[in-house]
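Each chain, written out:
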Amino acid sequence: MVDLSAPLSPKGRELNSWGAGESSAMSVAKYDRAEELKAFDDTKEGVKGLVDAGVVNIPKIFLRPPDEIAEIRQNCHRNGVKVPVVDMSGIERDDRRREIVAEVRIASETWGFFQVVNHGIPLIVLEEMIDGIRMFNEQNPEVKKSSIPEIV
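To start, this report covers the structure provided alongside it. Small disclaimer: the values here were computed from a predicted structure and weren't measured.

## Quick word on the packing of aromatic side chains
Turning to step 1, where the next piece is worked out: Under the definition given, this model contains 2 aromatic pairs.
Turning to step 2, where the next piece is worked out: Arranged with centres 5.4 Å apart and planes meeting at 90°, the rings of phenylalanine 40 and phenylalanine 62 form a pair that is edge-to-face. Of this pair, phenylalanine 40 sits in helix H2 (residues 33-43) while phenylalanine 62 sits in the loop between helix H3 (46-52) and helix H4 (66-79), and the two are 22 residues apart along the sequence.
Turning to step 3, where the next piece is worked out: For phenylalanine 62, a relative accessible area of 38% gives the class partly exposed.
Turning to step 4, where the next piece is worked out: Ring geometry for tryptophan 111 and phenylalanine 113: centres 5.6 Å apart, planes at 80°, overall edge-to-face.
Turning to step 5, where the next piece is worked out: Of the residues examined, phenylalanine 113 reaches a relative accessible area of 42% and is grouped as partly exposed.

And the structure:
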């Protein structure tokens, strides 16, 4: 199995040479998160590619330092922070539609994501969408790569 707690090389599934056997001080000094993120993105295989490669540890790019996590949790609890919820009920009315658009804009700008409720999408459609996502992710990596546009 591959241990991907060290960064990926630009080739994708290989590890950078410093990943195993060196002291943590040495690893921290050489660690370049941006380079690792780019290498991960370049594989165009996503987390499923890591699983398929036999990764057994969470890659460093997905980990936050414990003190940062503690601070985030403390701030969230102190401020009562919750994921934004956008209620789509009443969207057929112009005044409500404007409110919903404003809620989506604010949630997107401040959080980058939000939960949508009362959208009227039948459960079967949601289940089929999840099945489609699963089928895409279970494809051969080369097939998936051909579906992802290059970002310049």
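Anyway, onward from the coordinates.
## Focus on the pattern of salt bridges
Turning to step 1, where the next piece is worked out: Enumeration over the complete set of coordinates arrives at 9 salt bridges.
Turning to step 2, where the next piece is worked out: The partner of glutamate 68 in a salt bridge is arginine 64, and the shortest N-O contact between them spans 2.9 Å.
Turning to step 3, where the next piece is worked out: Assessed through its relative accessible area of 30%, glutamate 68 is described here as partly exposed.
Turning to step 4, where the next piece is worked out: Take arginine 64: its relative accessible area is 35%, and that puts it in the partly exposed class.
Turning to step 5, where the next piece is worked out: The closest approach of N and O atoms between arginine 96 and glutamate 103, which form a salt bridge, is 3.2 Å.
Turning to step 6, where the next piece is worked out: A relative accessible area of 10% places arginine 96 in the buried class.
Turning to step 7, where the next piece is worked out: Look at glutamate 103 and you get partly exposed, because its relative accessible area is 29%.
Turning to step 8, where the next piece is worked out: Sharing partners across several salt bridges, the network here consists of Arg96, Glu99 and Glu103.

## Describing the side chain of lysine 144
Turning to step 1, where the next piece is worked out: Tracing the backbone shows lysine 144 in helix H7 (residues 141-147).
Turning to step 2, where the next piece is worked out: For the buried lysine 144, no salt bridge exists, and the shortest N-O distance to an oppositely charged side chain is 5.0 Å, to aspartate 52.
Turning to step 3, where the next piece is worked out: Beyond its immediate sequence surroundings of up to four residues, lysine 144 is in contact with Glu45, Lys48, Phe136, Asn137 and Gln139.

## Focus: helix H5 (residues 94-110)
An α-helical turn contains 3.6 residues, so a residue and the one three or four places further along point in the same direction.
Turning to step 1, where the next piece is worked out: In this model, H5 (17 residues) spans 24 Å end to end at C-alpha, consistent with the 24 Å of a helix rising 1.5 Å per residue.
Turning to step 2, where the next piece is worked out: All buried positions along H5 are accounted for by Arg96, Ile100 and Ala107. Buried positions in H5, seen along its axis, are confined to an arc of 40° and lie on one side of it. With respect to the buried face of H5, the exposed residues turned more than 90 degrees away are Arg98, Val101 and Glu109.
Turning to step 3, where the next piece is worked out: Taken together, the buried residues of H5 touch strand E1 (85-87).
Turning to step 4, where the next piece is worked out: A positive backbone phi angle near 90° is found at glycine 112, which sits one or two residues after H5.

The rules behind these values
Residues numbered from 1 in each chain as written. Predicted model: local features only at pLDDT ≥ 70, side-chain atom pairs only at ≥ 80, totals over all residues. Heavy atoms only, no water. Phe/Tyr/Trp six-rings, centres within 6.5 Å; stacked < 30°, edge-to-face > 60°. Helix = DSSP H or I, 4+ residues; strand = E, 2+ residues; numbered from the N terminus. Buried < 20%, exposed > 50% of the residue type's maximum accessible area, 1.4 Å probe, protein only. Salt bridge = Lys/Arg side-chain N within 4 Å of Asp/Glu carboxyl O. Lys, Arg positive; Asp, Glu negative; His and termini not counted. Contact = heavy atoms within 4.5 Å. Expected span 1.5 Å × (residues − 1). Arc of directions from axis to C-beta.

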